[in-house]
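Here is what each chain is made of, one letter per residue.
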Amino acid sequence: MLLGPAEVRELAEALGVRPTKQRGQNFVIDPNTVRRIVRTAELGGDDVVVEVGPGLGSLTLALLETAAHVTAIEVDDVLAASLPATVRARLPERAGRFSLVHEDALRVTELPGPQPTALVANLPYNVAVPVLLHLLATFPSIERTLVMVQSEVADRLAAPPGSKVYGVPSAKAAWYCEVKRAGAIGRNVFWPAPNVDSGLVSLVRRAHPPRTRASRTEVFAVVDAAFAQRRKTLRAALSGWAGSGAAAEQALRAAGVSPQARGESLTIAEFAAIAEHGPRREAAPGRRDGDDEEHTA
């Protein structure tokens, strides 16, 4: 029932679809790869899965074979219109467990049916990190995530403090989840074959974000400032955020962080501590640690 190379190309030709770089489209044409993704995601029969960028439906069909429900988010008009028919034709007994949201994933704030418990997707490479962070922020019911992204992006997402590639995506993903690399994906399983390697990233949501009186938005503002000038010491890098170098040093020392340290050495908990001691920050009465309705990608 899954789509192989011939079926993918035939379906694309029938729809007049050509993958576009603008939307980061590279369709998976290998059934073994989508089975591996579903297996690595450790989905159960009760899981409600949200998928982003389903394309022609290669991964969608594999997810439907296992999950209780799959909601696919697709922005492309032609692909969104054709996907329900593909599901009905190839997996009719599961068609009732499929929902489609025809929208830009970065604008989605609600989903039909039960709340998702898992996010599994071959994310469009050009928007992978913003989409991932947006969905983790918007749907706290998502407990487990497995995404396929460009290999370098996978490295950055899973990088620990002190790594050369540790940065904004690493720190912000760590606010929500425990993150690790979950495997590599070759180029020949895609059509068209991309010019970069791909990787799987596993994210398991933390029971609680780092304990802090600062909001997520305030913490993420410190992360952004620290890495905007990553070669500088935190005293210098955070001077704009704090209002001056002296104010930045005061916040850093209050948080137990050396003013001479650099952002790449800090854990997300340390960023949270700095935000808590930032200038003009007043915790809203009754707000739980880390609560914030806003989101900064």
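I will try to describe carefully the structure that is included in this document. Just so you know, these numbers come straight off a predicted model, no measurement behind them.

A look at the packing of aromatic side chains
For any pair of aromatic rings, geometry is given as the distance between the ring centres together with the angle between the planes.
Consideration 1: Within this structure, the stated rule accounts for five aromatic pairs.
Consideration 2: Judged by centre distance (5.9 Å) and plane angle (70°), the ring pair of Y166 and F227 falls under edge-to-face. A residue pair is termed long-range when its members are at least 10 positions apart, and Y166 in the loop between α6 (151-158) and α7 (168-176) and F227 in helix α8 (residues 216-228) qualify at 61 residues.
Consideration 3: Ring centres of Y176 and F220 lie 6.2 Å apart, and the angle between their planes is 80°; on these two criteria the pair is classed as edge-to-face. Of the two residues, Y176 sits in helix α7 while F220 sits in helix α8, which places them 44 residues apart along the sequence. Residue Y176 shares its accessibility class with F220, and that shared class is buried.
Consideration 4: Chaining the aromatic ring pairs together yields one cluster made of Y166, F227 and F271.

What to know about unusual backbone geometry
Consideration 1: With an omega dihedral of -10°, the bond running from W191 to P192 counts as a cis peptide bond.
Consideration 2: Relative to the elements of secondary structure, P192 occurs in the loop between β8 (190-191) and β9 (198-205).
Consideration 3: Of note, the phi angle at E42 is positive, near 55°, even though the residue is not glycine.
Consideration 4: In this structure, E42 sits in the loop between α2 (31-40) and β2 (48-52).
Consideration 5: Take E42: its relative accessible area is 61%, and that puts it in the exposed class.

Structural notes on the sheet that holds β9
Consideration 1: Pairing in this open sheet of seven strands is mixed, and the strands run β4-β3-β2-β5-β6-β9-β7 from one edge to the other. Looking along the sheet, the strands with just one partner apiece sit at the ends: β4 (98-102) and β7 (177-185). Strand-to-strand twist of the sheet, defined as the mean angle between neighbouring strand axes without regard to direction, takes the value 20°.
Consideration 2: Relative to strand β5 (residues 118-122), β2 is paired through two bridges, and the arrangement is parallel. By the bridge assignment for β5, V50 is matched with L119.

Each value, and the rule that gives it
- Residues numbered from 1 in each chain as written.
- Predicted model: local features only at pLDDT ≥ 70, side-chain atom pairs only at ≥ 80, totals over all residues.
- Heavy atoms only, no water.
- Phe/Tyr/Trp six-rings, centres within 6.5 Å; stacked < 30°, edge-to-face > 60°.
- Helix = DSSP H or I, 4+ residues; strand = E, 2+ residues; numbered from the N terminus.
- Buried < 20%, exposed > 50% of the residue type's maximum accessible area, 1.4 Å probe, protein only.
- Pairing = 2+ DSSP bridges.
- Axes fitted to C-alpha atoms, helices over the stretch in contact; angles between N-to-C directions.

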